[in-house]
Amino acid sequence: KENIYDLEHSKFLSLLVYLPDYNIDNYYGTDVHHIDEILTLIPYGPNKNDYNIWFYNPVCSEDRLYQTKLKEIQQYNLLILLGFFPKEKIKLFKLYFNPEGKIIKPPIFNRVILRRENKFKIIFPEPFDDEIKELVQYEMENYIQKYEHIEYNFIDTSELHDYYGNIHCGFKSFPKLL
């Protein structure tokens, strides 16, 4: 496919908000639409370019029209990513939406990565979906085979998710609470 991003005049990655019919000019709601709901970088080694991009693949099984709109935005954003990164660095993971645009289950993209020297600890939200969890485990085990200084686990963040946050939101709050 054709590169839709003007790399000659911009070195900044700018994606569309992932929700159909989103208009920032008239949005006054409380929902948050951060890029870390749909994308994350996951390290597989200690060097500068030792990472993959995990990106969302939207699913809305309750509303086919909404599913089509979500997919159109995702495909547009994927083309932008492909203008910056090689295809083999981008891994797709399902992300379930309801017809109102709410992400149904905690997204794996809202993770915490701790690094100490060249060792990594990655904490993922429990996705409550066997297929997604198995894909995360498969990718992570492949990374660990190549670079053994990576650990990962899953924790239940459903309460944070229900309040429109996730693990990194809670993690960032610890210093404020102490």
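Conventions and cut-offs
Residues numbered from 1 in each chain as written. Predicted model: local features only at pLDDT ≥ 70, side-chain atom pairs only at ≥ 80, totals over all residues. Heavy atoms only, no water. Helix = DSSP H or I, 4+ residues; strand = E, 2+ residues; numbered from the N terminus. Contact = heavy atoms within 4.5 Å. Areas by Shrake-Rupley, 256 points an atom, 1.4 Å probe, with all protein chains shown as cover. pLDDT = per-residue confidence, 0-100. Pairing = 2+ DSSP bridges. Axes fitted to C-alpha atoms, helices over the stretch in contact; angles between N-to-C directions. Buried < 20%, exposed > 50% of the residue type's maximum accessible area, 1.4 Å probe, protein only.

To continue, consider the overall build of the chain. Regarding its fold elements, the chain presents 4 helices and 6 strands. Going residue by residue from the N terminus, the α and β elements of the chain occur as β-β-α-β-β-β-α-β-α-α. Looking at the chain alone, contacts between residues at least 24 apart form 64% of all its contacts between residues at least 6 apart. Surface exposure of the chain reaches about 11,200 Å², of which carbon and sulfur atoms provide 52%.

The pLDDT averaged across the chain works out to 82; a share of 70% of its residues lies at or above 70. Predicted confidence in the chain is weakest over helix α4 (residues 167-177), with a mean pLDDT of 51, and strongest over helix α2 (residues 130-146), with 97. Note on residues 173-178: pLDDT is under 50 here. Beyond four places in sequence and across chains, it has 0 contacts.

The 3 strands lie next to each other as β4-β5-β6, forming an open sheet whose pairing is mixed. For this open sheet the edge positions go to β4 (112-116) and β6 (150-155), each flanked by a neighbour on one side alone. Adjacent strand axes in the sheet meet at a mean angle of 15 degrees, parallel and antiparallel pairs treated alike. Sheet topology places β4 next to strand β5 (residues 119-125); 5 bridges connect them, and they run antiparallel. The residue of β5 that forms the bridge with valine 112 is isoleucine 123. Most of the contacts of α2 go to β6, to which it runs at about 165 degrees, and overall it touches β5 and β6.

Turning our attention to the pairing of strand β1 (residues 39-43). On any regular strand, side chains alternate: one points to one face of the sheet, the next to the other face. Of all 5 residues in β1, 4 are buried, a share of seventy percent or more. Bridge analysis of β1 against strand β2 (residues 51-59) gives 5 bridges, and the strand direction is antiparallel. What sits directly across from threonine 40, in β2, is tryptophan 54.

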